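Coordinate inspection notes
Here are the chains, one letter per residue:
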Amino acid sequence: MSVLVGLPIALPLGTALLALLFPRPSTARRFGVVAVLAFQLGFSVWLLETVMRQGPLVLALGGWAVPYGIVLVADTLSAIMLGLSSLTALACVLYGFAESLREHEHPLRVPLLLLLVAGIHLAFLTGDLFTLFVAFEVFLLASYGLMTLQMVATRTRRALPYVTINLVGSTLFLAACAFAYGLFGTLNLSEIAVRSAELVGDVRLDLLALLFFLVFGLKAGVFPLYYWLPVSYPALPTPVAAFFAGMLTKVGVYVLIRMFGTVLPAELGWLHGLVAWVAGLTMVIGVLGAVGQSRMRTILSYHIVSQVGYMVLAVGLFSPFSFAAAIFYVVHHIVVKASLFLVGGVVLRIHGTDRLDARGGLWTAAPILSIAFLLQALSLAGIPPLSGFWGKFLVIREGLSQGQWTLVLLSLVASVLTLVSMLKIWFGVFWSKQPEGVPLRLTPSSRRMTAAVCLLVLVSLGIGLGAERVFEVAEHAANETLDRAGYVQAVRAVNQGLKGGEGP
Amino acid sequence: MTAQLDTALLVTVLAGGAIYLCLSRRFLRKLLGFLMLSNAANLVVLAMAGDPTGARAPTLHEGVDPATAVDPVPQALILTAIVIGFSVAAYLTVLLYRIYVDSGTATTPRLERIAGGSDGLDDGVIR
């Protein structure tokens, strides 16, 4: 059964290649892609249920024994992330199909998105540091392609910060892989977990952990390495922007959870403190950037930075409860942020601009869209009983119980400012009057786009109302992530199933 | 250990020069900077293969002491890294050329000036 662990990578990869073989956008092609993504979503849910019941599933690729070969590990955290990425991809693809006519669809968009999904899934599943590097490169290259596909001439310069910062990040990651190999003599994450525990107090381990934080923090967009994000994301086509906004920075957060939780020893207290403080600054600086902006999608992009701060803060607080809070926050944030970007796309379609001061009147013209936005915006700001409230509540509760008053205060300030900038969008785009003589472009396609948004809104409502159940799953995932011995044991156990040897 | 000093110095020089070039305003220098930076990282990987002075290639046969051979794993890693670095460099070249064609400039400050007040986010291609 463990061979099924490879499916979330093989499935989008194979579909991408098939889509390249049939490049002409047709109804059958669209149907096939949606069917594959829906199946993948179902599979991820099944996988989550299975690994929660049976413990992690491990696949040794090519039948190589553990420290020598590459392993894929599906534990609860990975399965959660797989499900979220499948859901976001499905919603974004549906939205994209509703947004553009078949004739206008670029033949490369769907294959590139599927390659991106395959790369992200490899990053979630791999149990090997260098494969993680390769996975990052796979999805980064696909994201570069998606970013510049069909970009109009006035926007191409906006891709430059994203590409350059990620190039530097990848180079640093490669160097970090090399240092890790030099220090531990292995690239297998479970073996690194064993050997790094023996090196506690060694300055080389401290430096390496710091380098990891730099690399993955850069991908997650933490202060002061976030400036590329609000420049590039608003320039993307909406379905791509929504997927990026939902998933890409969260891959960085996932790797931070995995690295600090499972791989690096728990004794790196000074670094956890640093992580928490960097996160505190990220929350406030990101939201301050958002307050000063006058475009809907730019505001939303700054909020990604701010919200990543909450998740990284939960990682930095470093306790089983705070890890559960971080995982819950990731679940909430991916769904809400993706749907807010999709709402921004519908607004852009109806108004032709997403400037806050130029247009208005959507509250009367498109009430369903307005309600969808209001629900998600209030959720982002943390109003009960929506999902964002529980995420913030859990993080702040852990901060209070650890006596981190300043950080809690920072997160409350960020929360209030989030509400302020969300209300700014609400009054600018939805509530204010539409100027005379400017027609709203309400078309059947904008209604279909709203329907795709509603899919995510319903999931988000479900997370908020069923918060207790979601938190149980997050807690299970957090305990499993922090259980280094269990992880190592599960990975090593794969050797017994291999032909002709037990390994070392 | 000291035999690795020359590698360390080389990496320092390459990375330092690369950062200097990357911070330049001109596109071409940026591109060259990234190429140098990825080479610096590749050298770091190579250095992890062990002391290259006097060590053998990692082909083992009768009568060869494994302790005198270099570690083959980083060499496999570096091959992957070179291929990835090459493809990314190719992408960056095309992107910089596209920006040059689209905006008619090959330096970053002028790029900002050409953009002027417009942030290019309005009313994009709606499909």
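Data block above holds the structure.
Bear in mind that the values here come from a model prediction, so they are computed numbers and not experimental data. (Residues numbered from 1 in each chain as written. Chains lettered and ligands numbered in written order. Predicted model: local features only at pLDDT ≥ 70, side-chain atom pairs only at ≥ 80, totals over all residues. Heavy atoms only, no water.)

With that out of the way, let us pick up the overall build of chain B. Of the regular secondary structure elements, chain B holds four helices and zero strands. The N-to-C order of helical and strand elements in chain B reads α-α-α-α. When burial is assessed residue by residue, chain B has 34% of its 127 residues classed as buried. Put simply, of all contacts in chain B between residues at least 6 apart along the chain, 55% involve residues at least 24 apart. When the accessible surface of chain B is summed, it comes to about 7,600 Å², and 66% of that surface belongs to carbon and sulfur atoms. (Helix = DSSP H or I, 4+ residues; strand = E, 2+ residues; numbered from the N terminus. Buried < 20%, exposed > 50% of the residue type's maximum accessible area, 1.4 Å probe, protein only. Contact = heavy atoms within 4.5 Å. Areas by Shrake-Rupley, 256 points an atom, 1.4 Å probe, with all protein chains shown as cover.)

Let's shift gears to the overall build of chain A. Of regular secondary structure, chain A possesses 20 helices and two strands. Taken over C-alpha atoms, the radius of gyration comes to 22 Å for chain A, in line with the 23 Å a tight globule of 504 residues would show. For chain A, the spread of C-alpha atoms along the principal axes amounts to about 75 × 55 × 40 Å. Long-range pairs, those at least 24 residues apart, make up 83% of the contacts in chain A with a sequence separation of at least 6. (Rg over C-alpha atoms; globule rule 2.2 N^0.38 Å.)

Next up on the list: the side chain of Asp206(A). Residue and element names in this part refer to chain A. Examined against the element boundaries, Asp206 turns out to sit in helix α8 (residues 203-220). Although Asp206 is buried, it forms no salt bridge, and the closest oppositely charged side chain is Arg204 at an N-O distance of 10.0 Å. For Asp206, the residues in contact, after removing those within four places along its chain, are Leu268 and Trp270. (Lys, Arg positive; Asp, Glu negative; His and termini not counted. Salt bridge = Lys/Arg side-chain N within 4 Å of Asp/Glu carboxyl O.)

What follows deals with the packing of helix α15 (residues 367-381) of chain A against helix α16 (residues 387-401) of chain A. Residues and elements named next belong to chain A. Between α15 and α16, whose axes approach to 6 Å, the crossing angle comes to 5°. Relative to α16, α15 is oriented roughly parallel. Packed against α15, whose contacting residues are Ser379, Leu380 and Ala381, the element α16 presents Ser387, Gly388, Phe389 and Lys392 at the interface. (Axes fitted to C-alpha atoms, helices over the stretch in contact; angles between N-to-C directions. Parallel < 35°, antiparallel > 145°, perpendicular 65-115°, else oblique.)

Let us now look at the packing of helix α5 (residues 129-148) of chain A against helix α6 (residues 159-184) of chain A. All names here are of chain A. Running from N to C, α5 and α6 cross one another at 170°; their axes reach a closest spacing of 10 Å. With respect to α6, the axis of α5 lies roughly antiparallel. In this structure, α5 contributes Leu129, Phe130, Leu132, Phe133, Phe136, Glu137, Leu140, Ser143, Tyr144, Met147 and Thr148 to the contact, and α6 contributes Ala159, Tyr162, Val163, Asn166, Leu167, Ser170, Phe173, Leu174, Cys177 and Ala180. Within the contact of α5 with α6, the residues separate by chemical class into 16 nonpolar, four polar and one charged. (Nonpolar A, V, L, I, M, F, W, Y, C, P; charged D, E, K, R; others polar.)

All names here are of chain A. Its place among the elements puts Ser86 in helix α3 (residues 76-99). Residues Ser86 and His121 lie 35 residues apart in sequence; the distance between their C-alpha atoms is 9.3 Å. Setting aside its immediate chain neighbours within four residues, Ser86 contacts Gln40, Leu41, Ser44 and His121. Within the local environment of Ser86, its side chain forms a polar contact with the backbone oxygen of Leu82, the two atoms lying 2.8 Å apart. (Polar contact = N/O pair within 3.5 Å; in protein donor to acceptor, adjacent residues only side chain to side chain.)

Another point: the side chain of Ser415(A). Of note, Ser415(A) is situated in helix α17 (residues 405-431). Residue classification places Ser415(A) among the buried residues on the basis of a relative accessible area of 13%.

Residue and element names in this part refer to chain A. Counted by the stated rule, this structure contains 29 aromatic pairs over all chains. Judged by centre distance (6.2 Å) and plane angle (75°), the ring pair of Trp228 and Tyr233 falls under edge-to-face. Like Tyr233, Trp228 is buried. Judged by centre distance (6.0 Å) and plane angle (65°), the ring pair of Tyr233 and Phe244 falls under edge-to-face. (Phe/Tyr/Trp six-rings, centres within 6.5 Å; stacked < 30°, edge-to-face > 60°.)

Residues and elements named next belong to chain A. All chains considered together, the criterion is met by nine salt bridges over all chains. The shortest N-O distance in the salt bridge between Asp75 and Arg258 comes to 2.9 Å. Here Arg258 lies in helix α10 (residues 238-263) and Asp75 lies in the loop between β2 (71-74) and α3, a separation of 183 residues in the sequence. Pair check on accessibility: Asp75 and Arg258 agree, each one buried. Across the pair Asp202 and Arg204 runs a salt bridge, and its minimum N-O distance is 2.9 Å. Residue Arg204 is classed as partly exposed on the basis of its relative accessible area, which comes to 49%.

Quick look at helix α1 (residues 7-21) of chain A now. Residue and element names in this part refer to chain A. Along its 15 residues, α1 runs 21 Å from first to last C-alpha, staying within 8% of the 21 Å computed at 1.5 Å per residue. For α1, the set of buried residues is Pro8, Ile9, Pro12, Thr15, Ala16 and Ala19. All buried residues of α1 lie within an arc of 150° about the axis, which places them on one face of the element. Buried-residue contacts for α1 involve α2 (27-54), β2, α3 and α4 (109-125). (Expected span 1.5 Å × (residues − 1). Arc of directions from axis to C-beta.)

This is a description of form; function is not addressed.
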